[in-house]
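# Breakdown of the fold
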Amino acid sequence: MNDSLVEIKDLHVEYKTDKGVFGGTQIIHAVNGANLKIKKGEILAIAGESGCGKSTLAKAIIKLETPIQGQILYNNSDMLKMSKKELKEFRKKVQMIFQNPYSSLDPKMKIINTLKEPLKINTDLSDEEIEKIVEDTACKVGLDKECLNLYPHEFSGGQRQRIAIARALVLNPEFVLADEPVSALDVSIQAQIINLLKDLKEKYNLTFLLITHDLSVIKYLADRVAIMYLGEIAEIGTVDEIFNDPKHPYTKALLSAVPEINNKGREKILLTGELPSPANLPKGCKFHTRCPQVMLKCKENCPQNTEFENGHCVKCFLYN
Ligand SMILES: Nc1ncnc2c1ncn2[C@@H]1O[C@H](COP(=O)(O)OP(=O)(O)O)[C@@H](O)[C@H]1O
Ligand code: SF4
Ligand SMILES: [Mg+2]
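These numbers come from a predicted model, not from an experiment.

## Considering the overall build of the protein
Within the protein, the regular secondary structure consists of nine helices and 12 strands. Computed over C-alpha atoms, the radius of gyration of the protein comes to 21 Å, within 12% of the 20 Å expected from 2.2 N^0.38 for 320 residues, which places it in the range of a compact globule. With the C-alpha coordinates of the protein rotated into their principal frame, the extents come out at 65 × 50 × 45 Å. When each of the 320 residues of the protein is scored for burial, the buried share is 40%. Contacts spanning at least 24 positions in sequence make up 63% of the contacts within the protein whose residues lie at least 6 apart.

## Observations regarding the site of ligand 1
In the neighbourhood of ligand 1, 13 residues make up the surrounding shell, with Tyr15, Ala30, Lys54, Ser55 and Thr56 lying closest. Of all the elements in the fold, those that place two or more residues in the shell around ligand 1 are strand E1 (4-18), strand E2 (25-39) and helix H1 (54-61). Take the shell around ligand 1: its biggest share by element is three residues, from H1. Class assignment for the residues of the shell around ligand 1 results in five nonpolar, seven polar and one charged.

## Comments concerning the site of ligand 2
In the vicinity of ligand 2 lie 14 residues, with Cys285, His288, Cys291, Cys298 and Cys316 positioned nearest. Split by residue class, the shell around ligand 2 holds 11 nonpolar, three polar and no charged.

## Describing helix H5 (residues 157-169)
When the terminal C-alpha atoms of H5 are compared, their 18 Å separation across 13 residues agrees well with the 18 Å that a helix rising 1.5 Å per residue should span. Counted residue by residue, H5 has 11 buried out of 13 residues, so it is predominantly covered. Within the sequence span of H5, burial applies to Gln159, Arg160, Gln161, Arg162, Ile163, Ala164, Ile165, Ala166, Arg167, Ala168 and Leu169. Where H5 is buried, its residues contact strand E6 (94-97), helix H3 (111-122), helix H4 (127-140), strand E7 (175-179) and helix H6 (187-204).

## As for H4
Taking 1.5 Å as the rise per residue, H4 with 14 residues should run 20 Å; its terminal C-alpha atoms sit 20 Å apart, in good agreement. One or two residues past the end of H4 sits glycine 142, with phi positive at roughly 80°.

## Digging into the packing of H3 against H4
Two numbers describe a pair of packed helices, the interaxial angle and the distance between the axes. Between H3 and H4, whose axes approach to 10 Å, the crossing angle comes to 125°. When the interaxial angle is binned, H3 and H4 end up oblique. Where H3 crosses over H4, the two elements pack in a sense that is right-handed. Where H3 approaches H4, its residues Ile112, Leu115, Lys116, Leu119 and Lys120 are matched on the opposing element by Ile130, Ile133, Val134, Thr137 and Ala138. Considered class by class, the residues forming the contact of H3 with H4 number seven nonpolar, one polar and two charged.

## Some words on the sheet that holds strand E4 (residues 69-74)
A sheet is described by the order of its strands in space; here four strands give the open sequence E2-E1-E4-E5, paired in antiparallel fashion. What marks the edges here is a single partner per strand, and that holds for E2 and strand E5 (77-78). Of the pairings in the sheet, the one linking E1 to E2 comprises 12 bridges and is antiparallel in character. By the bridge assignment, serine 4 is partnered in E2 with lysine 39.

## Description of the sheet that holds strand E10 (residues 232-238)
The strand order across the open sheet built from eight strands is E6-E7-E8-E3-E9-E10-E12-E11, with neighbouring strands paired in mixed fashion. Edge positions in the open sheet fall to E6 and strand E11 (305-307), since each of these has one partner strand only. Within this sheet the neighbouring strands show an average axis-to-axis angle of 20°, counted without direction. Sheet analysis places strand E3 (residues 43-47) next to strand E9 (residues 224-229), joined by four bridges and oriented parallel. Each bridged residue has a counterpart across the sheet, and for alanine 47 the counterpart in E9 is isoleucine 227. On the sheet, helix H9 (residues 249-256) packs against E9 and E10 and is oriented at approximately 105° with respect to E9.

How each quantity is defined
Residues numbered from 1 in each chain as written. Chains lettered and ligands numbered in written order. Predicted model: local features only at pLDDT ≥ 70, side-chain atom pairs only at ≥ 80, totals over all residues. Helix = DSSP H or I, 4+ residues; strand = E, 2+ residues; numbered from the N terminus. Rg over C-alpha atoms; globule rule 2.2 N^0.38 Å. Buried ≥ 20, exposed ≤ 12 C-beta atoms within 10 Å, placed from the backbone. Contact = placed C-beta atoms within 7 Å. Near = placed C-beta within 6 Å. Nonpolar A, V, L, I, M, F, W, Y, C, P; charged D, E, K, R; others polar. Expected span 1.5 Å × (residues − 1). Axes fitted to C-alpha atoms, helices over the stretch in contact; angles between N-to-C directions. Parallel < 35°, antiparallel > 145°, perpendicular 65-115°, else oblique. Left-handed = near helix turned anticlockwise from the far one by under 90°. Pairing = 2+ DSSP bridges.

Right, here's the structure in full:
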């Protein structure tokens, strides 16, 4: 049985940019042969340094970016070949929560209208039915009914993120992508939003793709984790596998840098060198320029995925 809601196979997404004063274009290889599965009802987290392609991957899944190569299957059907009708259904079932609740809400719209809008566009429901759904959804995310007649600027960051979450939920989606949903918020209110997401996932059987560079959030919230490096998935596994038995040298380095997580007395692994530019990818293993365990073959050849039990996968020659 295939329990995947989303399956990504050998996905490549590029951006073309101007090179600058001397003209010409530059190709940014933002996602480079990424493979992963998101299982129904799970929270899959994607972690990795800034610029490694996390947001681009999410944008490709919701069709805000078009891949140049690869496949995205949603419920086993190829997203890149969806008919207009299928696409309309898809847009209802899949919703995104963005990082910044200050810019993702229309400042000129009352909250009630922000929440009504997706229902007006995507359904034939009556005004009364829409109003009822909006009130119920506001309640689900912990917003008072009185809030609905206010404007975004009248709310704190945490409240605004609740509104953005409510907007993602009004259409009763099955899959929600959250791109750094708490990193623009005060640390003091991050936990409230994280708990809200956990609650919603459990109550409404949602499937989540959670993008965050915060490994403590992942440990608390996610079921599985994908570690991304230069547009590839270096390692993927359950939270337990990744945090207690990391295999990829990059995963080990990332974990060793977080004191709250590295509480087993593991030595801190300092990564030397800069993250290479996605406009100029290294040959061979993408991590070889910084890997403490680099071997000769890593500089020339790309390692394949090695699968351990339960779908724990690692892309590294140490295990090939
Ligand atoms: N619209 C864009 N145009 C050109 N380059 C982009 C664009 N969006 C992202 N990039 C580049 O693509 C790479 C991956 O970016 P992104 O997916 O935003 O990474 P992350 O979310 O992991 O920080 C980065 O080098 C970034 O600068
Ligand atoms: S393949 Fe080689 S360079 Fe890449 S992570 Fe493994 S050991 Fe390091
Ligand atoms: Mg991002």
